[in-house]
Amino acid sequence: MTAGKPRVAVVTGASAGVGRATVRKLAREGVAIGLIARGIDGLEGARADVERLGARALVLPLDVSDADAVEAAAGRVEAELGPIDLWINNAMLSVFSPVRKMTPEEFRRVTEVTYLGYVYGTLAALKRMLPRDQGVILQVGSALAYRGIPLQAAYCGAKHAIQGFSESLRSELLHDKSGVQLRMVELPAVNTPQFGWVKSNLPRAAQPVPPIFQPEVVADGIWWMVLHDRPELYIGWPTVKTIAGDRIFGRLLDRYAARAGWDSQMTDEPRDPDQPHNLWQPIPGDYGAHGAFDDRATSRSVQLWASMHKRALLLAAGAAGLATLFLTIL
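Below or above, wherever it landed, is the structure these notes cover. (Residues numbered from 1 in each chain as written. Predicted model: local features only at pLDDT ≥ 70, side-chain atom pairs only at ≥ 80, totals over all residues. Heavy atoms only, no water.)

What follows deals with the sheet that holds strand β8 (residues 189–190). Within the open sheet, the three strands sit side by side as β8-β11-β14. Their pairing is parallel. The open sheet is flanked by β8 and β14 (297–298), the only strands paired with a single partner. In this structure, β8 lies alongside strand β11 (residues 212–213), joined through two bridges in parallel fashion. Looking across to β11, one finds that Val190 is bridged to Phe213. (Pairing = 2+ DSSP bridges. Helix = DSSP H or I, 4+ residues; strand = E, 2+ residues; numbered from the N terminus.)

Here it is in structure tokens:
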């Protein structure tokens, strides 16, 4: 790390969506990046993005559910790009379905990628960062790490697991007075390509629960977290409401989700029964960062801006209060 800025990073799920937007953000900052995902087309597209922005990239096609492959990839990154300063766990899979219609194999697959993939990435990063006593591991989480919703039980369970795993590890790092930092960002609904390729048993096409944010909003939040020593960041006001609401009104939210959590995850269009999905194999092609909801997604989050500038806002509020008091006295 140079003045808190990473020189070499690894991003899992780098080929599309939030991972792809984050790769572009890192490349603009001159970070060399190890790109991990299954789909070679998307990885080559990500490499082209990185090199066009003037940074170096290493393409590492693999499945993060393979712990040995993740470990080998980390070794290649250090051999070819240099010591890893930043590891971002982001790869995910989901299945849109009522629990009763899912198979044990589907639950296992989502868990192995969306949860254990984070564990394996974290272990590979720790192996290299702990001896150097520095580095940042960043987990891309979700509001659903705190509040499960219907029709995504496997994904919600995996995100809950990541949150618990990260809390445990953070406590251990603090106990050991380690210089390695563990950080987590919790996401709102994001306009990514996954809704066009997710395995689904729903009667209508899947969608992110509105309001929807563009992946670049998340990438900005991730980069801010890389540079600031803060354990967790909620991105978007819906994330704040979801997590705070769960802590206060958990059981009431069960009933609300039972009523509103179905239609909000589907468009009005019927699901194409022949739509390919990526549960077992990647979908060929380069899909970039954005999904099909550009006309409904926002590129700004006032809440995120406020979180990133909290200190300045508090100082401004204090100064305004003092000025008001002074004028009152006069």
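The next thing to look at is the sheet that holds strand β7 (residues 180–186). Whenever strands of a sheet pair, they do so through backbone hydrogen bonds, lying parallel or antiparallel. Read from one edge to the other, the open sheet built from seven strands follows the order β3-β2-β1-β4-β6-β7-β12, with strand pairing classed as parallel. Strand pairing shows two members of the sheet lacking a second neighbour, β3 (57–61) and β12 (232–234), which therefore form its edges. Along the sheet, successive strands turn relative to each other by an average axial angle of 15°, direction set aside. Bridge count for strand β4 (residues 86–89) against strand β6 (residues 135–140) is four bridges, and the pairing is parallel. Within the sheet, the bridge partner assigned to Leu86 lies in β6 and is Val136. Across the sheet, helix α2 (residues 40–52) is in contact with β2 (32–37) and β3; its angle to β3 comes to roughly 170°. (Axes fitted to C-alpha atoms, helices over the stretch in contact; angles between N-to-C directions. Contact = heavy atoms within 4.5 Å.)

The buried count for β2 comes to six of six residues, which makes it a mostly enclosed element. Residue alternation in β2 divides its side chains into two sets, Ala32, Gly34 and Ile36 and Ile33, Leu35 and Ala37, and both sets are buried. Taken together, the five bridges between strand β1 (residues 8–12) and β2 define a ladder with parallel strand orientation. Bridge pairing links Val10 to Gly34 in β2. Between the parallel elements β1 and β2, the chain passes through helix α1 (residues 17–28) in a crossover that is right-handed. Tracing the backbone out of β2, into α2 and back to the parallel element β3 gives a crossover that is right-handed. (Buried < 20%, exposed > 50% of the residue type's maximum accessible area, 1.4 Å probe, protein only. Right-handed = clockwise from strand over helix to strand, strands pointing away.)

So yeah, pure geometry; function would need other evidence.
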